[in-house]
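Here is how the chains run, residue by residue.
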Amino acid sequence: MLKLVLFLLFISPICFINKMYWMVQVLIFFASFIFLLMNKFSNYWMEISYFLGCDMLSYGLILLSLWICALMLTASESVNKYNNYKNLFLLNVVLLLLLLVLTFSSMSLYMFYLFFESSLIPTLFLILGWGYQPERLQAGIYLLFYTLLVSLPMLIGIFYLMHKMGTMNFYLMNNFMFNYDLLYFCMMCAFLVKMPMFLVHLWLPKAHVEAPVSGSSILAGIMLKLGGYGMLRVISILQLLNMKYSFIWISISLVGGVLVSFVCLRQTDLKALIAYSSVAHMGIALAGLLTMSYWGLCGSYSLMIAHGLCSSGLFCLANVSYERLGSRSLLINKGLLNFMPAMALWWFLLSSANMAAPPTLNLLGEISLLNSIVSWSWVSMIMLSLLSFFSAAYTLYLYSFSQHGKIFSGVYSFSGGKIREYLLMILHWLPLNLLILKSEMCMLWL
């Protein structure tokens, strides 16, 4: 794993050479293909070097990080063309990627915490430095304070675990189990905010709306997965307490998912709609994960990877419209079927993936999650059926309002879209549909 970290470290000086934007992007794509070919990981730690290693759980998320960061550079053509600070932008992206790879490959809980919190800083710089509106400062503060408020209790919890167990290694921690309520809440709250769970989700729509397309892709694609990944790692030592308290989080997530779906149906901002839909999707992933059944754990892992590709693609599509029309409002982004006919196909394909249509990986994840949550409690069927119905409803609302109808009166041109944009959509959509053929990957790691 150290070779991947060093590779990313050696990319960072290239960021300062002028006209090397595409070189950095090609190198990150190259790294992701090499990592893809290293698919020999099992459910125990391999490729161990220093405090870094990789198992099946890390493998999928590191691969997702590399892929999304490479696609992020493809999407940020406007930064490359019109921005004077593109070298700093490249450095920021590479540093963020490096921190994410270190987070997912750390074998120690403390090192995981360190990189988990550090990855917040480049994300904050992305929003503050390359965001669109003046409100980005407020969005940055929301992001910072929501995360930092719960990270100190988690650090104290980690020190308590170190004191009791004498080790921080994930593979040695599985032998311990704790029955201390305060420790459970200290450890879980940091991950619940990062997921984010309903009630602590307000930072997410704000950050998404103010972030550039690269910031939105990285937030939706990878940052939300840090919470789920952390929970999958520590849930083994908190099993007894989780059986006692999980009903609280599952109830909030399912009811919250339905309420957020209603919020989606009232949105006029494209980005805010996609951001709120992320809260609903991660809510169902969180509920499945906390049932602690085999179906639930595997389903939440599948849905995290599927959601990373799908919502990142939708944000890129929203950005394609924004670059042409200068607005994210659905009142202006309408009749796009006349304005960009070829791009309407990608709107359809990614919208259908968002509502978990076959053969996407979302379908596999959602079926597994439905199975686990219903077997946990029959009562949850009411909220799950509402959630599934309204999930399809707001996705149809997004597609039909943006594509159909009379084109906005101020738009007189016709746009075919660039090859770069079609490539971007294909590279989001293909893995999403091809991963279903390799679905045993999501079932191996337990």
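Owing to the predicted nature of the structure, the values given are computational and were not obtained by experimental measurement.

1. Notes on the overall build of the protein
Then, number 1: Counting secondary structure elements, the protein contains 20 helices and 2 strands.
Then, number 2: What you see for the protein is a C-alpha radius of gyration of 21 Å, in line with the 22 Å of a compact globule of 446 residues.
Then, number 3: Taken across its 446 residues, the protein has 62% of its residues classed as buried.
Then, number 4: Counting contacts in the protein only where the partners sit at least 6 residues apart, residues at least 24 apart contribute 82% of the total.
Then, number 5: When the accessible surface of the protein is split by element, carbon and sulfur atoms take 72% of a total near 17100 Å².

2. What to know about the pattern of salt bridges
Then, number 1: Tallied over the entire structure, the rule returns 6 salt bridges.
Then, number 2: With a shortest N-O distance of 3.0 Å, R328 and D269 are connected by a salt bridge. Highlighted residues: R328 in the loop between α15 (294-325) and α16 (336-339) and D269 in the loop between α13 (239-265) and α14 (270-290), separated in sequence by 59 residues.
Then, number 3: The buried category is assigned to D269, whose relative accessible area is 17%.

3. Remarks on the packing of helix α3 (residues 56-75) against helix α5 (residues 86-105)
Then, number 1: Where α3 contacts α5, the two axes come as close as 9 Å, and the packing angle between them is 175°. By the criterion of interaxial angle, the relationship of α3 to α5 is roughly antiparallel. Between α3, through S58, L61, I62, S65, L66, C69, M72 and L73, and α5, the contact on the second element is made entirely by F89, L90, V93, L97, L100, V101, F104 and S105.

4. Considering the environment of V320
Then, number 1: Inspection of the secondary structure assignment puts V320 in helix α15.
Then, number 2: Measuring from C-alpha to C-alpha, the distance between V320 and P122 comes to 24 Å, with 198 residues separating the pair along the chain.

5. Some thoughts on the pairing of strand β1 (residues 46-49)
Then, number 1: By the bridge criterion, 2 bridges tie β1 to strand β2 (residues 52-54) in an arrangement that is antiparallel. Bridged to S49 within β2 is L52.
Then, number 2: Where β1 hands over to β2, the hairpin turn is made up of 2 residues, of which Y50 adopts a positive phi near 60°.

6. Examining the UniProt feature "domain: NADH:ubiquinone oxidoreductase chain 4 N-terminal" (unreviewed entry) in the protein
Then, number 1: Per the UniProt entry, the sites bearing "domain: NADH:ubiquinone oxidoreductase chain 4 N-terminal" (unreviewed entry) are residues 1-103 in this numbering.
Then, number 2: Across residues 1-103, the secondary structure splits into 69% helix and 7% strand, with the terminal C-alpha atoms separated by 12 Å.

7. Observations regarding helix α18 (residues 361-376)
Then, number 1: Look at α18: 23 Å from first C-alpha to last across 16 residues, which is about the 22 Å you get at 1.5 Å a residue.
Then, number 2: Turning to α18, its buried residues are L361, N362, L364, G365, E366, S368, L369, S372, I373 and V374.
Then, number 3: Of the surrounding secondary structure, the elements contacted by the buried residues of α18 are α13, α14, α15, α17 (341-354), α19 (380-403) and α20 (419-434).

8. As for unusual backbone geometry
Then, number 1: Each neighbour pair has its own omega, and for M195 with P196 the value is -10°, a cis peptide bond.
Then, number 2: Considering the arrangement of structural elements, one finds P196 in the loop between α10 (181-194) and α11 (203-210).
Then, number 3: Between P358 and the following residue, P359, the backbone shows a cis peptide bond with an omega angle of 5°.
Then, number 4: Along the chain, P359 turns up in the loop between α17 and α18.

9. Things to note about the nonpolar core
Generally speaking, nonpolar side chains in soluble globular proteins are found buried as a group.
Then, number 1: Counting residues in hydrophobic clusters, the biggest one holds 169 residues, and the most contacted among them are F35 and L109.
Then, number 2: For this core, the element with the highest residue contribution is α3, accounting for 16 residues.
Then, number 3: Among all residues touching L109, those that are not within four sequence positions of it are I158, L161, M168, F170, M173, M187 and V234.

10. Details of the packing of α17 against α20
Then, number 1: Where α17 meets α20, the closest approach of the two axes is 11 Å, and the angle between their N-to-C directions is 25°. Classified by the interaxial angle, the pair formed by α17 and α20 is roughly parallel. Between α17 and α20 the crossing geometry is left-handed. Residues A342, M343, W346, L349, L350 and A353 of α17 lie in contact with α20, whose contacting residues are E421, Y422, M425, I426, W429 and L432.

11. Focus on the environment of L137
Then, number 1: Tracing the backbone through its elements, the reader meets L137 in helix α8 (residues 136-165).
Then, number 2: Residue classification places L137 among the exposed residues on the basis of a relative accessible area of 55%.
Then, number 3: In this structure the C-alpha to C-alpha distance between L137 and L124, which are 13 residues apart in sequence, comes to 9.4 Å.

12. Things to note about a nonpolar patch on the surface
Then, number 1: A cluster of nonpolar side chains, L2, L6, L9, F10 and Y50, forms an exposed patch at the surface whose accessible area comes to about 560 Å².
Then, number 2: Relative to the helices and strands, L6 resides in helix α1 (residues 2-11).
Then, number 3: What makes L6 partly exposed here is its relative accessible area of 38%.

13. Things to note about the packing of aromatic side chains
Then, number 1: For the coordinates displayed, the defined rule picks out 29 aromatic pairs.
Then, number 2: Consider the rings of F185 and W249, whose centres lie 5.9 Å apart with planes at 70°: the pair is edge-to-face. Placement of F185 in helix α10 and of W249 in helix α13 is noted, with a sequence separation of 64 residues between them.
Then, number 3: For W249, a relative accessible area of 8% gives the class buried.
Then, number 4: What links up through ring pairs into an aromatic cluster is the set W45, F104, F112, F116, F170, F191 and Y229.
Then, number 5: A cation over a ring is seen here: K206 above Y142, with NZ or CZ 5.1 Å from the ring centre.

Each value, and the rule that gives it
Per chain, residue numbering runs from 1 following the sequence as it is written. Only residues with pLDDT of 70 or above have their local features reported here, since the model is predicted, and side-chain atom pairs are shown and tallied only from 80 upward, although totals for entire chains, interfaces and linings are computed over all residues. Excluding hydrogens and water, the side-chain figures rest on all heavy atoms present in the structure. Secondary structure elements follow DSSP: runs of H or I of four or more residues count as helices, runs of E of two or more count as strands, with numbering from the N terminus. Throughout, radius of gyration means the C-alpha value; the globule benchmark is 2.2 Å times the number of residues raised to the power 0.38. A simple rule labels every residue: compare its accessible area, found with a 1.4 Å probe on the protein chains alone, to the largest value its type can have, and call it buried under 20%, exposed over 50%, or partly exposed in between. Here, residues are in contact when the closest pair of their heavy atoms is within 4.5 Å. The Shrake-Rupley method, run with a 1.4 Å probe sphere, supplies the accessible areas, and residue values consider only the shown protein chains as cover. The term salt bridge refers to a pairing of a side-chain nitrogen on Lys or Arg with a carboxyl oxygen on Asp or Glu at a separation within 4 Å. Each axis is a line fitted through C-alpha atoms, and for a helix only the stretch in contact is used; angles between axes span 0 to 180 degrees, taken between their N-to-C directions. Here roughly perpendicular refers to angles of 65 to 115 degrees, roughly parallel to angles under 35, roughly antiparallel to angles over 145, and oblique to all remaining angles. Criterion used throughout: strands pair if DSSP finds at least two bridges between them. UniProt positions are given in the numbering used here, feature names are shortened, and annotations may be inferred rather than shown by experiment. Each residue after the first adds 1.5 Å to the expected span of a helix. Only buried residues count toward a nonpolar core. Its members are Ala, Val, Leu, Ile, Met, Phe, Trp, Tyr and Cys residues joined through side-chain atoms within 4.5 Å. Each crossing gets its handedness from the near helix: less than a right angle anticlockwise from the far helix is left-handed, clockwise is right-handed. Like charges within 9 Å and nonpolar side chains (Val, Leu, Ile, Met, Phe, Trp, Tyr) within 5 Å are joined into patches, using only residues over 30% in relative accessible area that form no salt bridge. Aromatic pairs are defined between Phe, Tyr and Trp rings, using the six-membered ring for Trp, whenever the two ring centres lie within 6.5 Å; interplanar angles under 30 degrees are classed as stacked, those over 60 as edge-to-face, and all others as tilted. Note on geometry: a ring has a charge over it if NZ (lysine) or CZ (arginine) is within 6 Å of the ring centre and within 35 degrees of the ring normal.

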